[in-house]
Amino acid sequence: MPRPGLYGSIVEAIGHTPLVELKSFSPRPDVHIFAKLEGHNPTGSVKDRIARSMIEAAEAAGELKPGMTILEPTSGNTGIALAMIGQVKGYPVRVVIPENVTEERTRLLQIFGAEMVYSPPDKGTNGSIAVAREMAAADPACYMPYQYANEANPRAHYESTAPEILDALPEVDVFVAGLGTGGTLMGTGRRLREHNPSVKIVAAEPYQGELVAGLRSLDDGFVPPVLNVEELDGKIMVTVEDSFTATQELARREGIFAGVSCGAVLHAAKRYGRRMERGNIVILLADGGWKYLSSELWTRGYEPSAEKKFWW
Amino acid sequence: MPVEVHVPPLLQKVTNGVKTLRASGSTVNQVLSDLNRQFPGFTSEISDDSGQLHRFVNLYVNDEDVRFLQRMETPVKDGDVVSILPAMAGG
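This is a predicted model, so every value here is computed, not measured.

(A) Structural context of the overall build of chain B. Across its full length, chain B holds two helices and five strands. Mapped in sequence order, the helices and strands of chain B form the string β-β-α-α-β-β-β. Since a compact globule built from 91 residues should have a radius of gyration of about 12 Å, the 12 Å found for chain B is in line with a globular shape. Buried positions account for 38% of the 91 residues belonging to chain B.

(B) Looking closely at the overall build of chain A. When helices and strands are counted, chain A shows eight helices and ten strands. Against the compact-globule benchmark of 20 Å for 312 residues, chain A has a radius of gyration of 19 Å, which places it among compact chains. Based on the C-alpha atoms only, the size of chain A along its principal axes is roughly 55 × 55 × 35 Å. Here chain A holds 312 residues, and 54% of them are scored as buried. Sequence-distant contacts, at least 24 apart, represent 75% of the contacts inside chain A between residues at least 6 apart.

(C) Region of interest: the pairing of strand 5 (residues 115-119) of chain A. Residues and elements named next belong to chain A. As paired elements, strand 4 (residues 93-98) and strand 5 share five bridges and run parallel to each other. Considered in strand 5, the bridge of P98 is made with S119. Of the crossover connections in this fold, the one passing from strand 4 over helix 3 (residues 103-111) to the parallel strand 5 is right-handed.

(D) Quick look at the packing of helix 5 (residues 152-168) of chain A against helix 6 (residues 183-195) of chain A. Residues and elements named next belong to chain A. Packing of helix 5 against helix 6 leaves a shortest axis separation of 7 Å and a crossing angle of 50°. With respect to each other, helix 5 and helix 6 are oriented oblique. Crossing geometry of helix 5 relative to helix 6 is assigned as right-handed. Residue-level contacts link N153, P154, R155, A156, H157, Y158, T161, A162, P163 and L166 of helix 5 to G183, T184, M186, G187, T188, R190, R191, L192 and H195 of helix 6.

(E) Just helix 1 (residues 28-38) of chain B, in detail. Residue and element names in this part refer to chain B. Those residues of helix 1 not exposed but buried are V28, V31, L32 and L35. Down the axis of helix 1, the sector holding all buried residues measures 95°, keeping them to one side. Contacts from the buried residues of helix 1 go to strand 1 (2-6), strand 2 (20-24), helix 2 (42-45), strand 3 (57-61) and strand 5 (81-86).

(F) Region of interest: the packing of helix 7 (residues 240-254) of chain A against helix 8 (residues 260-273) of chain A. Residues and elements named next belong to chain A. Helix 8 packs onto helix 7 with a crossing angle of 95° between their chain directions and a minimal axis gap of 7 Å. Here helix 7 lies roughly perpendicular to helix 8, going by the angle between them. For the pair helix 7 and helix 8, contact is made by D242, S243, F244, T245, A246, T247 and L250 and by V260, S261, C262, G263, A264, L266 and H267, respectively. Among the residues making up the contact of helix 7 with helix 8, the classes are represented as seven nonpolar, six polar and one charged.

(G) Here's a closer look at the interface of chain B and chain A. Taken residue by residue, the interface counts 21 residues in chain B and 33 residues in chain A. The set of elements that each furnish at least two residues to the side of chain B that touches chain A consists of strand 3, strand 4 (64-65) and strand 5 of chain B. No other element matches the three residues that strand 5 of chain B contributes to the side of chain B that touches chain A. Partitioned by chemical class, the residues of the side of chain B that touches chain A number twelve nonpolar, four polar and five charged.

(H) Quick peek at unusual backbone geometry. Residues and elements named next belong to chain A. One non-glycine residue, H16, adopts positive backbone phi at about 55°. Here H16 is to be found in the segment before strand 1 (19-21). According to the C-beta neighbour criterion, H16 is partly exposed, with 13 such atoms within 10 Å. Backbone geometry at Y146 places phi at a positive 55°, although glycine is not the residue there. Structurally, the position occupied by Y146 is in the loop between strand 6 (142-143) and helix 5.

Conventions we followed
Residues numbered from 1 in each chain as written. Chains lettered and ligands numbered in written order. Predicted model: local features only at pLDDT ≥ 70, side-chain atom pairs only at ≥ 80, totals over all residues. Helix = DSSP H or I, 4+ residues; strand = E, 2+ residues; numbered from the N terminus. Rg over C-alpha atoms; globule rule 2.2 N^0.38 Å. Buried ≥ 20, exposed ≤ 12 C-beta atoms within 10 Å, placed from the backbone. Contact = placed C-beta atoms within 7 Å. Pairing = 2+ DSSP bridges. Right-handed = clockwise from strand over helix to strand, strands pointing away. Axes fitted to C-alpha atoms, helices over the stretch in contact; angles between N-to-C directions. Parallel < 35°, antiparallel > 145°, perpendicular 65-115°, else oblique. Left-handed = near helix turned anticlockwise from the far one by under 90°. Arc of directions from axis to C-beta. Nonpolar A, V, L, I, M, F, W, Y, C, P; charged D, E, K, R; others polar.

Shape is all these values report; function is a separate question.
Written out as structure tokens, the structure is:
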């Protein structure tokens, strides 16, 4: 048996993140909010979990072999996680990302040696998906994990995120996480529901109205195959301004330096919590604040120009 | 009763470029019917062939997805905000 706290590689050190009560955000005395701090993962986001799970599943299935390149559409975090694991395991990584992600994301991708292909800024991640699918179809030397339809994505949360939560806190009444691929909500939600059939699974969704002005037709819309909307109990849209405000509050009231989507998740949890008399709400904070420093959100706060950047 | 409706860029071709509209009705369905009177073709833009809300369209009342409220029968009142957005991915 390896010693606790000793890991054979950084990839093995993924997960095991803290669950921390946010006492100052408790909406009433018997309603408690606990945050799963996924920024504590090796590359600073929850996506380390799914990147490891998808790569190891593909290796086991013989779909990913030495010499192949990993190709993935991403708004950043999944690409950074794949690139890090690619370095450790020896796979080149190519990511397709919207041109308007924060500079820190492109820098981190460079640090981990990823090749970047930009997709049109006004089509969001939907645009990256379209470009990556074309590239993958044309190049058999590429393996595309495709987080949006890969069962190893929700499975990572079913097998690691949710058991960690339940180990720390067996009574979970509400779980709130951001909606990107749906993997976190589906995988964690299924495990939590097996444990407590009446748990409510709530999605926080970013408002991307200004950002995706390039979407001219509903044919450009996208619902990830991983996401089964029927398994959710609620979906709350959060504006960029509310996300910024809550992200600032996390730092100022609880000392938690988290990413912008984390503010959205907290905002949705507070809103949902107002309807509760008692119970425990677990929120998943997907990343740390480091990748958003250039936004000046902690110093200058929200400005309308923030609507043009990709935060999710 | 008047509600405010926010429409995404992809619908602004039928609203003559206007982003924020006023409409009346006591349910989401009635609001959409009113919009269709004001802007013929509005509802067909967000519906599928069977007349249901297109699966790539999300409709919100005060930022909550109506799929988790009472869908098209979700009640609205004076001052509520209805938002229409295309389904988007992240990650």
